[in-house]
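Residue-level structural notes
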Amino acid sequence: MSLAVTGAALPGERDPIGLRAEHGVIVELGPDVRPQPEDDAIDVAGALLVPPLINGHTHAAMTLFRGHGDDLPLMRWLQEEIWPIERRLEPEDVYWGTRLACLEMVRSGTVRFWDMYWHPEAAARAVSDAGMRATVAAPLIDAQGGSETMREAALRSLDELAAGAGGPGGDRVDVGLAPHAIYTVTEESLHWIAELSAERGLPVHIHLSETEPEVSDCLTAHGIRPAVYLDRVGLLSPRTVLAHGVWLDDAELELIAARGAVVVTNPVANLKLAVGQVFPYPRARAAGVQVGLGTDGPGSNNSLDLFGDMKVLALVQKHEARDPAIISAEETWEIATGRRAPLLGGGRRLAVGQPADFLLLRAAAPELSFGELPAALVYAASGAVVQSTVVAGRVLMRAGEVEGSEEVLARALERARRLGLAPALA
Ligand SMILES: [Zn+2]
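Remember, it's a predicted structure, so these values are computed and weren't measured experimentally.

Before going further, it helps to spend a moment on the overall build of the protein. Within the protein one finds 14 helices and 19 strands. The C-alpha radius of gyration computed for the protein amounts to 21 Å, which stays within 12% of the reference 22 Å derived for 426 residues, consistent with globular compactness. For the C-alpha atoms alone, the extent of the protein along its principal axes is close to 65 × 50 × 45 Å. Within the protein, the proportion of its 426 residues that are buried is 57%. Within the protein, contacts between residues separated by at least 24 positions form 73% of all contacts whose residues are at least 6 apart in sequence.

In this section: the coordination of the zinc ion. Protein coordination of the zinc ion is provided by His 57 (NE2), His 59 (NE2), His 207 (NE2) and Asp 296 (OD), with donor distances spanning 2.1 to 2.3 Å. Around the zinc ion, the four donor atoms are arranged such that angles at the metal cover 86 to 172 degrees; this shape is classified as irregular. Within one chain, the residues donating to the zinc ion are spaced in sequence as H-x1-H-x147-H-x88-D. Of this pair, His 59 sits in the loop between strand 6 (53-58) and helix 1 (74-86) while Asp 296 sits in the loop between strand 15 (290-293) and helix 11 (306-321), and the two are 237 residues apart along the sequence. Exposure remark for His 59: the relative accessible area of 9% places this residue in the buried category. We classify Asp 296 as buried; its relative accessible area is 4%.

Right, let's talk about the side chain of Thr 184 for a bit. As for its placement among the helices and strands, Thr 184 is situated in the loop between strand 11 (178-179) and helix 5 (187-200). If we ignore the near neighbours within four places in the chain, the residues touching Thr 184 are Ile 141, Asp 142 and Ala 143.

Moving on, we get to empty space enclosed by the protein. All told, the structure shown has three cavities of 30 Å³ or more when counted by the stated rule. Around the largest cavity sit 13 residues that line it, and Pro 52, Gly 346, Gly 347, Arg 348 and Asp 357 are the ones nearest its centre. Looking at the lining of the largest cavity residue by residue, the classes come out as five nonpolar, five polar and three charged.

This part is about the packing of helix 11 against helix 12 (residues 329-336). A pair of packed helices is characterised by two quantities: the angle between their axes and the separation of those axes. Two numbers describe how helix 11 lies on helix 12: the axes approach to 10 Å, and their chain directions differ by 135 degrees. Looking at the two axes, helix 11 sits oblique to helix 12. Of the two elements, helix 11 crosses helix 12, and the hand of that crossing is right-handed. Residues Leu 306, Phe 307, Met 310, Leu 313 and Ala 314 of helix 11 lie in contact with helix 12, whose contacting residues are Thr 332, Trp 333, Ile 335 and Ala 336. Partitioned by chemical class, the residues of the contact of helix 11 with helix 12 number eight nonpolar, one polar and no charged.

Calculation rules
- Residues numbered from 1 in each chain as written.
- Predicted model: local features only at pLDDT ≥ 70, side-chain atom pairs only at ≥ 80, totals over all residues.
- Heavy atoms only, no water.
- Helix = DSSP H or I, 4+ residues; strand = E, 2+ residues; numbered from the N terminus.
- Rg over C-alpha atoms; globule rule 2.2 N^0.38 Å.
- Buried < 20%, exposed > 50% of the residue type's maximum accessible area, 1.4 Å probe, protein only.
- Contact = heavy atoms within 4.5 Å.
- Donors = N, O, S within 2.8 Å, 3.2 Å for Na, K, Ca; no water.
- Tetrahedral: all angles 85-135°; square planar, octahedral: opposite > 155°, others 65-115°.
- 1 Å grid on protein atoms, 1.4 Å probe; cavity = no way out; pocket = protein on both sides within 12 Å on 5 of 7 lines; lining within 4 Å.
- Points joined across faces, edges and corners; volume = space filled by probe spheres on them.
- Nonpolar A, V, L, I, M, F, W, Y, C, P; charged D, E, K, R; others polar.
- Axes fitted to C-alpha atoms, helices over the stretch in contact; angles between N-to-C directions.
- Parallel < 35°, antiparallel > 145°, perpendicular 65-115°, else oblique.
- Left-handed = near helix turned anticlockwise from the far one by under 90°.

Here is the structure:
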């Protein structure tokens, strides 16, 4: 499979350039690229060639829950609206919910995401069929009992995911371990997960320090703060992705930086759930923490368009610091493309030998027509500026069209109805 893109524009360069990809890798990039006879050839008429976005934290299949139980406090939302329905989830619900999420992400320029949700083997299949990349993991929870069952299910799920990895697109899906949070998993199981992660080299994806009660409860139960506790159980490592980190203090940020773990900030979800504080980004940066950007689940954001989260990230940090220079558009774009956290699996430069993952942005988009590109991307644009999305040399969205999108919408709607989740327009 080979692809040739011609007539593209690189930010800051006058002459049109082309790109060829073979077997998912960029093999040519420059002004003299010509399509070969066997190529899937597209002339993009001046579209801007840029790296794609990486969503570092979500629960993709929760697209089915979008708009359900909004405007409730977190625990009431979970206990009354989400958990009772999640108990009835079938793998096909997760498959079509994840396909719907993939459709939205492809349309708005995200090519890779970190997912934590039930039936991860169904999510993996959805990612693979959608042509995207992801690290998938089942949430692990045993604070109310059932540690043995949880561990058996976790191992079984890893086996199932490993079996699926040999299938088509399997190389685009990585498998992780996702202890839900320090307050939903027992200390003993956190140790067990740390050992399993070290033994098999599996990444760990966990919520940490999202709310203030999480910190005070940890201090009461263990006498130490959440990141220190996580380190004590062996779960702070260069394989760890921490979602949120809103309430981390300086010593915790330094510890996280020293251990090489990543913090993924989810500013929109934090604001919507009113967690009471802003992620201390300037202090995290000063400590040398690797930072990525996430949407969190579509039930608590509610959008998967990472352009929106990018803008909010920059704005809340400026507002909080009372300093418009505290974070630049360029830095925000780097965070959203994974440049500041290589573990997330993006952030590579567009160059020969690199994976052929990229976006083509509409040359005629009014939002991109003037001024510096990073500022236009972060402050003016939305995902609607994305014209084409390419992953591993395959065009997933071509001039605004994603193949099979009607079926994905129809099937996801069927699954939502089955769960009693009324669609907005029906
Ligand atoms: Zn989450």
